[in-house]
Amino acid sequence: MKRIFAGILIVNNLPLCFVVQLGLACGLAGLLWPEKFMPLFEILMFPWAASCRAIRANGIAAIGLSLLLLVTRLTGYR
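Residues numbered from 1 in each chain as written. Predicted model: local features only at pLDDT ≥ 70, side-chain atom pairs only at ≥ 80, totals over all residues. Heavy atoms only, no water.

Mind showing me how you'd approach the overall build of the chain here?
If you tally the helices and strands in the chain, you get three helices and zero strands. Start at the N end of the chain and walk to the C end: the helices and strands fall as α-α-α. Taking all 78 residues of the chain together, the buried fraction comes to 21%. Summed over its atoms, the accessible surface of the chain is roughly 6,200 Å², and 74% of this surface lies on carbon and sulfur atoms. (Helix = DSSP H or I, 4+ residues; strand = E, 2+ residues; numbered from the N terminus. Buried < 20%, exposed > 50% of the residue type's maximum accessible area, 1.4 Å probe, protein only. Areas by Shrake-Rupley, 256 points an atom, 1.4 Å probe, with all protein chains shown as cover.)

What exactly am I supposed to notice about the side chain of Ser66 here?
Considering the arrangement of structural elements, one finds Ser66 in helix H3 (residues 52-75). Residue class for Ser66 comes out buried when judged on its relative accessible area of 2%.

Would you mind showing me how to read a nonpolar patch on the surface here?
Among the surface-exposed residues, Phe18, Val19 and Leu22 lie close enough to one another that they form a single nonpolar patch of about 290 Å² accessible area. If you trace the backbone, Val19 turns up in helix H1 (residues 2-32). Judged by its relative accessible area of 40%, Val19 is partly exposed. (Patch = residues over 30% accessible without salt bridge, like charges linked within 9 Å, V, L, I, M, F, W, Y side chains within 5 Å. Salt bridge = Lys/Arg side-chain N within 4 Å of Asp/Glu carboxyl O.)

Teacher, can you tell me more about the packing of helix H2 (residues 34-44) against H3 here?
A pair of packed helices can be characterised by two numbers: the angle between their axes and the separation between those axes. For the pair H2 and H3, the least separation of the axes is 9 Å and the interaxial angle reads 95°. Viewed along their axes, H2 and H3 adopt a mutual orientation that is roughly perpendicular. Counting all contacts with H2, which are made through Pro34, Phe37, Met38 and Phe41, the residues of H3 involved are Cys52, Ile55, Arg56 and Asn58. Considered class by class, the residues forming the contact of H2 with H3 number six nonpolar, one polar and one charged. (Axes fitted to C-alpha atoms, helices over the stretch in contact; angles between N-to-C directions. Parallel < 35°, antiparallel > 145°, perpendicular 65-115°, else oblique. Contact = heavy atoms within 4.5 Å. Nonpolar A, V, L, I, M, F, W, Y, C, P; charged D, E, K, R; others polar.)

I would appreciate a short explanation of the environment of Met38 in the present structure.
Structurally, the position occupied by Met38 is in helix H2. Taking the C-alpha atoms as reference points, Met38 and Ser51, separated by 13 residues in sequence, lie 7.2 Å from one another. Once residues within four sequence positions are removed from consideration, Met38 is found in contact with Ala50, Ser51, Cys52 and Ile55.

Structure follows, in structure tokens:
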């Protein structure tokens, strides 16, 4: 019976782990290749001009959010 509950807990935490990985991937990609994200940011930030500085700031923020979610996951907050 404990195995079933362990499986349910793992499946319940799967989306949070996926969001952490996705945030890390997008954050690192924004830091390493900001020129490749420029067309996407021109669409997302339509009234404002996209710049490498804004893309890198967004990459740092995405990494910070991913680390915050990872800490939340490791502390077991539900």
